[in-house]
Amino acid sequence: LFVPEAAFEILVKKQIARFETPATQCVEMVFMELLNLAAKCDLPEMTRFVRLRNMVLEVVQKVLRNCLEPTNRMISNLVQIELAYINTSHPDF
């Protein structure tokens, strides 16, 4: 590697690492919005069956919570993948 390329890679890696926090915050905001949407989805048919509505909402919330950790892990892995290899031989550079 040439010295300028090494310096470039160091700078780029610092910037890529900064993506992880906003990305996980975005995941959290999407999660909260999906919970809000699920709570607001009221079908007229479901108003008669309050217990059924509550159970459906509970299941939806559980599914969303179960998907939260794998999503955060995927974000972290994607950032780590990008940090592992900076393709400076790409024609756009």
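Given the structure is predicted, the values throughout are model-derived calculations rather than measurements.

Description of the overall build of the protein chain
The secondary structure content of the protein chain amounts to three helices and zero strands. Over its C-alpha trace the protein chain gives a radius of gyration of 21 Å, far above what one expects of a compact globule, namely 12 Å for 93 residues. Summarising its shape, the C-alpha atoms of the protein chain cover approximately 70 × 20 × 20 Å along the three principal directions. Every one of the 93 residues in the protein chain was classed for burial, and the buried ones make up 15%. Contacts in the protein chain between residues at least 24 apart in sequence constitute 76% of all its contacts with a sequence separation of at least 6.

Quick word on the pattern of salt bridges
Inspection of every chain in the model, using the stated rule, returns two salt bridges. For R53, the salt bridge goes to D42, with nearest N and O atoms at 2.6 Å. Of this pair, R53 sits in helix α3 (residues 50–84) while D42 sits in the loop between α2 (20–40) and α3, and the two are 11 residues apart along the sequence. Since its relative accessible area comes to 23%, R53 is described here as partly exposed.

Focus on the state of the cysteines
Applying the stated criterion across every chain, the model contains zero disulfides. There is no disulfide at C26, and the cysteine sulfur nearest it, in C67, is 16 Å away. Classification of C67 by relative accessible area gives partly exposed; the value is 41%.

Topic: the nonpolar core
Across soluble globular proteins, nonpolar side chains have a tendency to be buried as a group. Listed in full, the six residues of the largest apolar core are V27, F31, L35, L64, L68 and I75. Of all the elements in the fold, those that place two or more residues in this core are α2 and α3.

Some details on a nonpolar patch on the surface
Taken together, the side chains of F49, L52, V56 and V60 make up a nonpolar region of the molecular surface, amounting to roughly 320 Å² of accessible area. Position of V60 among the secondary structure elements: in helix α3. Its relative accessible area of 33% is what places V60 among the partly exposed residues.

Re α2
The end-to-end C-alpha distance of α2, which contains 21 residues, comes to 30 Å, matching closely the 30 Å that a straight helix rising 1.5 Å per residue would cover. Looking at α2, one finds that the buried residues are V27, F31, L35 and A38. Viewed end-on, α2 has its buried residues packed into an arc of 75°, placing them on one side of the element. For α2, the exposed residues lying more than 90 degrees away from the buried face are M29 and K40. Looking at the buried side of α2, the elements it contacts are α3.

Reading guide: rules and limits
Residues numbered from 1 in each chain as written. Predicted model: local features only at pLDDT ≥ 70, side-chain atom pairs only at ≥ 80, totals over all residues. Heavy atoms only, no water. Helix = DSSP H or I, 4+ residues; strand = E, 2+ residues; numbered from the N terminus. Rg over C-alpha atoms; globule rule 2.2 N^0.38 Å. Buried < 20%, exposed > 50% of the residue type's maximum accessible area, 1.4 Å probe, protein only. Contact = heavy atoms within 4.5 Å. Salt bridge = Lys/Arg side-chain N within 4 Å of Asp/Glu carboxyl O. Disulfide = S-S within 2.5 Å. Core = buried A, V, L, I, M, F, W, Y, C linked by side-chain atoms within 4.5 Å. Patch = residues over 30% accessible without salt bridge, like charges linked within 9 Å, V, L, I, M, F, W, Y side chains within 5 Å. Areas by Shrake-Rupley, 256 points an atom, 1.4 Å probe, with all protein chains shown as cover. Expected span 1.5 Å × (residues − 1). Arc of directions from axis to C-beta.

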